[in-house]
Amino acid sequence: MISLHNISKSFGAFAALHDIDLTVRDGEFLALLGPSGSGKTTLLRIIAGLAFPDEGHVRFNGEDVTDLPVAERKVGFVFQQYALFKHMTVLDNIGFGLSVRRRAQRPAKSKIRARARELLDLVQLDGLGDRYPAQLSGGQQQRVALARALAVEPQLLLLDEPFGALDAKVRKELRRWLRQLHEQMRLTSIFVTHDQEEALELADRVVVLNRGVIEQIGTPEEVYMAPRSGFVSGFVGDCNSLPVTVRGNRAQFDGITIDVPVERSFDGPARLDFRPHDVAPSERDVGLPLQVSGVYRRGGSWRVEGSVNGSGPLAEIDLDADHAPPQIGSRLAFTITRARVFPIEERAR
Amino acid sequence: MSARLPHRSARARRALIALALAFIGFFLVLPLVAVFAEALAKGLATYGTALVEPDAVSAIKLTLLVAAISVPLNVVFGLCAAWAVAKFDFRGKSVLVTLIDLPFSVSPVVAGLVYVLLFGAQGWFGPWLVDHGVRIIFAVPGIVLATILVTFPFVARELIPLMQEQGRADEEAALALGATGFKTFLRVTLPNIRWGLLYGVLLCNARAMGEFGAVSVVSGHLRGLTNTMPLHVEILYNEYNFVAAFAVASLLALLALVTLVLKTSLEWKFGYGRGSAK
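So, here is what we can say about the structure in this document. (Residues numbered from 1 in each chain as written. Chains lettered and ligands numbered in written order. Predicted model: local features only at pLDDT ≥ 70, side-chain atom pairs only at ≥ 80, totals over all residues. Heavy atoms only, no water.)

Here's the deal with the overall build of chain A
Each helix and strand in chain A was counted, giving 9 helices and 20 strands. With respect to the principal axes defined by its C-alpha atoms, chain A has extents near 80 × 45 × 35 Å. In chain A, which comprises 349 residues, the proportion classed as buried is 51%. Put simply, 64% of the contacts in chain A that link residues at least 6 apart link residues at least 24 apart. (Helix = DSSP H or I, 4+ residues; strand = E, 2+ residues; numbered from the N terminus. Buried < 20%, exposed > 50% of the residue type's maximum accessible area, 1.4 Å probe, protein only. Contact = heavy atoms within 4.5 Å.)

What follows is the structure, given as structure tokens:
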């Protein structure tokens, strides 16, 4: 189990992380999700021992490792651009961690090679052992980087934007494969990503970071369906926002009362967030009017873009593709079936 | 590509090339030919004699000694400086980078005079040195010091941009895999920079052997004792001993040519100088 207590870190005047508390359970697949500059990579590097916090503690299984350098933490780290050693073959790359051990703990050369071959099989690259990194595709390099990290049998696998440099198809394959590997090797894994889809698909739990602060920790379902802040709501998944005024548990937009329950009791200006799929088409004069400005197919539904109430903010809604798509320039009406309301101050934070 | 150029610009191109060739021919090739022609003017035997004459031999030995001391020190310094600048963030980094370049912008004569000022008989440490019987100025240590000062940017200047471009990820990966700092340097950093390092060493060596100004100030021109090859050439020339002067000079010219060939083959083979250094 990994636990972080009150971690803070600044670079000069820039506060990269502020008072982070986090517990990672054994066997968990955890995503650190946030926009660039949110502190997610810094947090990962602090867990690895590649960076050190100004304040706070890092514990592995109760043991304080805050000041231990990376070499002594027994973690596997996969770098964003893989950082493969260009002058070594794939097998030498994978065997590196074993070959730099102190003589007493270092396996024989033949054993290291055998182990490297095993790992190469594991990452499904058998036969490519004598190539150099430059002769591999991006996805293959990624696998080599992973095999190299796993060679030292880490308790913890850390991945910095593991799929960032890959094209969409390879990315999807590798995701699934990584998830399998995680289960198979009973690893505890933490990965950093700015791609919310990746985080939701892959992780057991998602930590949403923004400006050095944790906005929410939860399962993908919780983070998507019950975002705790306006930031999470806007960052995770597609989201429409309407400026509304809340009065007596009712939200009003442009004089139209939106018929959704407002859970929190506050009066005043607020932001109402709803997802494109949380709408239903309605009769004219019921719900919100939408002036259609664009339509395209998105899987089994039409993604309809338009401005709410003619001149209002832009919104995207999904309509069933069994029906004909609405004409551009036409007006339609919809009701919101599920929404969340955040006081306007949250947005300014 | 050239086929698509309009006629007039093709002519302009030919004119420019001709101009460049004429320039190079006049300023580089002609003097080089002259050196060898003059050196061999009285036949191979005279040429050989000029090179095995005791003063010439001692000048060659001293030059090799100076290079053998200053180049390795330069490598150590260059590695340390480049490592510090590229892999760490600290206050005064840009000042350090500027200071490293100083010997390039300062006249070598000044570099020599600095040591006379410090270690000469009338210098700051002069009396103390005299009392303890240590000679630096007009002796080999002074020549070595002056050469080090003049050459010290070479390796660092090659390595700093290279190491900055490569970043820290490779080293961090090695450390994360459990390697010690020393093993990381030996097995990851050094192979990454080896061609850049070799390139720096070549240039540094050429300068160390060919330096005239700084060395001239501190050497004292003692024949057979403190004369390096460039100084020896000057003395012979001043004595109207042209064949001998050009014979020794031809060795320096050869050094330049060999350096050039090695440097070009490095560039050609590894694409070094175009940003990639595999």
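Let's talk about the pattern of salt bridges
Opposite charge on two side chains lets them pair, provided their charged atoms get close. Summed over all chains, the structure comprises 23 salt bridges over all chains. The salt bridge partner of Asp89 of chain B is Arg168 of chain B, with a shortest N-O separation of 3.1 Å. Of the two residues, Asp89 of chain B sits in the loop between α3 (54-87) and α4 (93-105) while Arg168 of chain B sits in the loop between α8 (153-166) and α9 (169-176), which places them 79 residues apart along the sequence. Members of the salt-bridge network, linked through shared partners, are Asp238, Arg298, Arg303, Glu316 and Asp318 of chain A. (Salt bridge = Lys/Arg side-chain N within 4 Å of Asp/Glu carboxyl O.)

Section: the interface of chain A and chain B
Taken together, the contacts link 22 residues of chain A with 16 residues of chain B. Summed over both partners, the interface of chain A with chain B comes to about 1,700 Å²; 62% of that surface belongs to carbon and sulfur atoms. The interface formed by chain A and chain B contains 2 salt bridges. The salt bridge involving Lys86 of chain A is made with Asp170 of chain B; its shortest N-O contact spans 3.6 Å. Counting only elements with at least two residues in the side of chain A that touches chain B, the list comes to β6 (75-78), α2 (90-99) and α4 (138-150) of chain A. Here the element with the most residues in the side of chain A that touches chain B is α2 of chain A; it accounts for 3 residues. (Buried area = accessible area lost by both parts, 1.4 Å probe.)

Observations concerning the sheet that holds strand β14 (residues 268-274) of chain A
Residues and elements named next belong to chain A. Sheet architecture is open: 5 strands sit in the order β13-β12-β11-β14-β20, paired in antiparallel fashion. Here the strands that pair on one side only, and so sit at the sheet edges, are β13 (256-258) and β20 (340-343). The mean angle between the axes of side-by-side strands here comes to 45°, regardless of whether they run parallel or antiparallel. Judged from the 4 bridges that link them, β14 and β20 form a sheet pairing that is antiparallel. For Asp273, the partnering residue across the bridge sits in β20 and is Arg340. (Pairing = 2+ DSSP bridges. Axes fitted to C-alpha atoms, helices over the stretch in contact; angles between N-to-C directions.)

Notes on the pairing of strand β12 (residues 250-253) of chain A
Residue and element names in this part refer to chain A. Every second residue of β12 is oriented toward a common face, the buried set being Ala251 and Phe253 and the non-buried set Arg250 and Gln252. Taken together, the 3 bridges between strand β11 (residues 240-247) and β12 define a ladder with antiparallel strand orientation. Across the sheet, the residue bridging to Arg247 is Arg250, located in β12. Between β11 and β12, which follow one another and run antiparallel, lie 2 residues, and Gly248 among them has a positive phi close to 55°. Strand direction decides the pairing type here: β12 and β13, joined by 3 bridges, are antiparallel.

Considering the layout of surface pockets
In this structure, the largest pocket encloses a volume near 420 Å³. Every residue lining the largest pocket is counted, 16 residues in all, and those nearest its centre are Ala71, Arg101, Arg102 and Gln105 of chain A together with Gly178 of chain B. Residue composition of the lining of the largest pocket, grouped by class: 7 nonpolar, 4 polar and 5 charged. (1 Å grid on protein atoms, 1.4 Å probe; cavity = no way out; pocket = protein on both sides within 12 Å on 5 of 7 lines; lining within 4 Å. Points joined across faces, edges and corners; volume = space filled by probe spheres on them. Nonpolar A, V, L, I, M, F, W, Y, C, P; charged D, E, K, R; others polar.)

Structural notes on the packing of α2 of chain A against α4 of chain A
Residues and elements named next belong to chain A. Orientation of α2 relative to α4, taken along the N-to-C sense of each, is 30°, at an axis distance of 7 Å. Put simply, α2 runs roughly parallel to α4. The handedness of the crossing between α2 and α4 is right-handed. Contact with α2, carried on its side by Val90, Asn93 and Ile94, involves Val144, Ala147 and Arg148 of α4 and no other residues of that element. Split into classes, the residues belonging to the contact of α2 with α4 amount to 4 nonpolar, 1 polar and 1 charged. (Parallel < 35°, antiparallel > 145°, perpendicular 65-115°, else oblique. Left-handed = near helix turned anticlockwise from the far one by under 90°.)

What to know about a positive patch on the surface
On the surface, Arg8, Arg11, Arg13 and Arg14 of chain B cluster together into a patch of positive charge. Along the chain, the position of Arg8 of chain B falls in helix α1 (residues 7-39). (Patch = residues over 30% accessible without salt bridge, like charges linked within 9 Å, V, L, I, M, F, W, Y side chains within 5 Å. Areas by Shrake-Rupley, 256 points an atom, 1.4 Å probe, with all protein chains shown as cover. Lys, Arg positive; Asp, Glu negative; His and termini not counted. Charge placed at Lys NZ, Arg CZ, Asp CG, Glu CD.)

A closer look at a negative patch on the surface
All names here are of chain A. Where like charges cluster on the molecular surface, the negative patch consists of Asp19, Asp21, Asp54 and Glu55. Within the secondary structure, Asp19 sits in strand β2 (residues 14-24). On the accessibility criterion, Asp19 (42% relative accessible area) is partly exposed.

What about unusual backbone geometry?
A negative phi angle characterises most non-glycine residues, just as the trans form characterises most peptide bonds. Residues and elements named next belong to chain A. With a phi angle near 50°, Asp19 is a residue other than glycine that sits in the positive phi range. A positive phi angle, near 50°, is found at Arg211, a position not held by glycine. Residue position: Arg211 is located in the loop between β9 (205-210) and β10 (213-218). Arg211 gets classed as exposed once you look at its relative accessible area, which sits at 60%.

Keep in mind these numbers describe shape, not what the thing actually does.
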